[in-house]
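# Structural features, examined
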Protein chains: 2
Amino acid sequence: MKNVRKTVAKTKILEFIQNSKAAVAHSDIQASLKGVCDRVTIYRVLERLLKEGLIHKIVDVDGVVKYAACHTCENKFHQHNHIHFSCEKCKKVTCLDTIMPVFNLPQNYILNSVNFTVSGFCPKCK
Amino acid sequence: MKNVRKTVAKTKILEFIQNSKAAVAHSDIQASLKGVCDRVTIYRVLERLLKEGLIHKIVDVDGVVKYAACHTCENKFHQHNHIHFSCEKCKKVTCLDTIMPVFNLPQNYILNSVNFTVSGFCPKCK
DNA sequence: ATTATTTTTGCAACTATGTTGCATTAGCAA
DNA sequence: TTGCTAATGCAACATAGTTGCAAAAATAAT
Ligand SMILES: [Mn+2]
Ligand SMILES: [Mn+2]
Ligand SMILES: [Zn+2]
Ligand SMILES: [Zn+2]
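So, a few notes on the structure that sits alongside this text. These numbers come from a predicted model, not from an experiment.

Cut-off values and rules
- Residues numbered from 1 in each chain as written.
- Chains lettered and ligands numbered in written order.
- Predicted model: local features only at pLDDT ≥ 70, side-chain atom pairs only at ≥ 80, totals over all residues.
- Heavy atoms only, no water.
- Helix = DSSP H or I, 4+ residues; strand = E, 2+ residues; numbered from the N terminus.
- Buried < 20%, exposed > 50% of the residue type's maximum accessible area, 1.4 Å probe, protein only.
- Contact = heavy atoms within 4.5 Å.
- Areas by Shrake-Rupley, 256 points an atom, 1.4 Å probe, with all protein chains shown as cover.
- Lys, Arg positive; Asp, Glu negative; His and termini not counted.
- Charge placed at Lys NZ, Arg CZ, Asp CG, Glu CD.
- Donors = N, O, S within 2.8 Å, 3.2 Å for Na, K, Ca; no water.
- Tetrahedral: all angles 85-135°; square planar, octahedral: opposite > 155°, others 65-115°.
- Near = heavy atom within 4 Å.
- Polar contact = N/O pair within 3.5 Å; in protein donor to acceptor, adjacent residues only side chain to side chain.
- Pairing = 2+ DSSP bridges.
- Axes fitted to C-alpha atoms, helices over the stretch in contact; angles between N-to-C directions.
- 1 Å grid on protein atoms, 1.4 Å probe; cavity = no way out; pocket = protein on both sides within 12 Å on 5 of 7 lines; lining within 4 Å.
- Points joined across faces, edges and corners; volume = space filled by probe spheres on them.
- Nonpolar A, V, L, I, M, F, W, Y, C, P; charged D, E, K, R; others polar.
- Expected span 1.5 Å × (residues − 1).
- Buried area = accessible area lost by both parts, 1.4 Å probe.
- Salt bridge = Lys/Arg side-chain N within 4 Å of Asp/Glu carboxyl O.

## What about the overall build of chain A?
- Broken down by element type, chain A carries three helices and six strands.
- Reported as C-alpha extents along the three principal axes, the dimensions of chain A are approximately 45 × 40 × 20 Å.
- For chain A, with 126 residues in total, the buried portion stands at 40%.
- Of the contacts formed within chain A by residues at least 6 apart in sequence, a portion of 53% connects residues at least 24 apart.
- Accessible surface computed for chain A: about 7700 Å², of which carbon and sulfur atoms make up 51%.
- Of the side-chain charges in chain A, 19 are positive and 10 negative, and the distance between the mean point of each set is 3 Å.

The following block contains the structure:
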């Protein structure tokens, strides 16, 4: 059952994600942590942080994978049914933590998780 | 203003997409069209079909890009605000053309397009 | 039908993103 | 301090997508 360990890479990466207002991509992390660790390590740390429920993963509308800290779901139900907003101008992806769309699936579909991203212009870019 | 041309590749690719019940990936197309054209051509044809509004693009929860024919929006408003269902078992992505989630953005955000994908188990796999 | 024009294609080369195996390093508990 | 094993670095690989350019094919003009 694999004990988790606290390492420099993990600490710095988590800090960076938590201090970012918008979701960050692997390349953002790599740029900010210049030389702290290998790019493969970043991938592996991200995997761990996901599994430990400290961050969540967002696939942007253009396929770019980004990560954001978990706020609303600290220790409780780890559900991310909020909307993500992707700005077409500044390319920033932000969690709209309080906004959860309403919909109902047809019979016979079993829902597990959702991935809602809307795009347009953010308040700063409109 | 670039006239569009009808070519074998384009015809076959569009047919394949239109005949598929689920959304298809580039690799699916390549597999089905074995040797009809180069893989680069597939990318370029897909781009054109998108621009011509004959298909739409879906980024799956795991980042895999897929394409589906347009049904509800033939000539009219080209809006894709319906939900896509991604089955975790059979990996098929299907358009739930009639289901459109309700939500409201905070002031100052300008909505342009949406990308809603929910995952779980489809009727066949549940 | 022939020719001319321009879109489309194939190919090769390249970039970006993510993965895997394996030897080495470093956390942490005993 | 020692021992165990999680975590890392590095190299190599895999996959998806892009770009430039010459050749081929589709359509328009003659
Ligand atoms: Mn979020
Ligand atoms: Mn669809
Ligand atoms: Zn913006
Ligand atoms: Zn299924």
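Now that the structure has been shown, we can carry on.
## Re the coordination of the zinc ion (ligand 3)
Residues and elements named next belong to chain A.
- Protein coordination at the zinc ion (ligand 3): the donors are C87 (SG), C90 (SG), C122 (SG) and C125 (SG), at 2.2 to 2.5 Å from the metal.
- One way to put it: the four donor atoms around the zinc ion (ligand 3) meet at angles of 99 to 120 degrees, and that makes the site tetrahedral.
- One chain supplies every donor for the zinc ion (ligand 3), spaced along it as C-x2-C-x31-C-x2-C. Here the residue C90 occupies a position in the loop between β4 (83–87) and β5 (93–96), and C125 occupies one in the segment after β6 (110–121), the gap between them amounting to 35 residues.
- Judged by relative accessible area, which is 31%, C90 ranks as partly exposed.

## Some points on the protein's contact with DNA strand D
- Not every one of the 21 residues close to DNA strand D is listed here, only the nearest: D38, T41, R44 and R48 of chain A together with R5 of chain B.
- Of all DNA strand D atoms lying within 4 Å of any protein atom, the proportion belonging to sugar or phosphate reaches 61%.
- Contacts to DNA strand D include R5 of chain B, whose side-chain N or O atom sits 2.8 Å from a base nitrogen.
- At a separation of 3.5 Å, a base oxygen of DNA strand D approaches a polar side-chain atom of R44 of chain B.
- Of all the secondary structure elements, the ones that give two or more residues to the surface near DNA strand D are α3 (39–51) of chain A together with α3 (39–51) of chain B.

## Things to note about the sheet that holds β5 of chain A
- Taken in spatial order, the six strands of this open sheet run β5(A)-β4(A)-β6(A)-β6(B)-β4(B)-β5(B), and their pairing is mixed. Single-partner strands in this sheet number two, and they are β5 of chain A together with β5 (93–96) of chain B. Geometrically, the sheet is characterised by an average inter-axis angle of 25 degrees between neighbouring strands, direction not taken into account.

## Some remarks on empty space enclosed by the protein
- All told, the structure shown has one cavity of 30 Å³ or more when counted by the stated rule.
- Estimated volume of the largest cavity: approximately 70 Å³.
- In this structure, the largest cavity is lined by V59, D60, V61, N115 and T117 of chain A together with V59, D60, V61, N115 and T117 of chain B.
- Taken together, the elements giving at least two residues each to the lining of the largest cavity come down to β6 of chain A together with β6 (110–121) of chain B.
- In terms of residue class, the lining of the largest cavity is made up of four nonpolar, four polar and two charged.

## So, α3 of chain A
Residue and element names in this part refer to chain A.
- Across its 13 residues, α3 extends 19 Å between first and last C-alpha, which sits within 8% of the 18 Å expected from 1.5 Å per residue.
- Residues of α3 that are buried in the fold lie against α1 (8–19), α2 (26–32), β2 (55–59) and β3 (65–69).
- Here α3 starts with a cap whose side-chain oxygen sits 3.0 Å from the backbone nitrogen of V40, and that cap is D38.
- G53 sits one or two residues past α3 and shows a positive phi near 75 degrees.

## Re the interface of chain A and chain B
- Listed as interface residues are 33 residues of chain A and, on the opposing side, 34 residues of chain B.
- Summed over both partners, the interface of chain A with chain B buries about 2800 Å², with 64% contributed by carbon and sulfur atoms.
- For the interface between chain A and chain B, the tally reads zero salt bridges.
- The interface formed by chain A and chain B includes 13 residue pairs in polar contact (both at pLDDT 80 or more).
- Of all the secondary structure elements, the ones that give two or more residues to the side of chain A that touches chain B are β4, β5 and β6 of chain A.
- Among the elements that make up the side of chain A that touches chain B, the one with the highest residue count is β6 of chain A (12 residues).
- Its residues placed into classes, the side of chain A that touches chain B shows 20 nonpolar, 10 polar and three charged.
- Looking at chain direction, β6 of chain A and β6 of chain B are connected through 11 bridges and run antiparallel. Bridge pairing in β6 of chain B places F121 of chain A opposite I110 of chain B.

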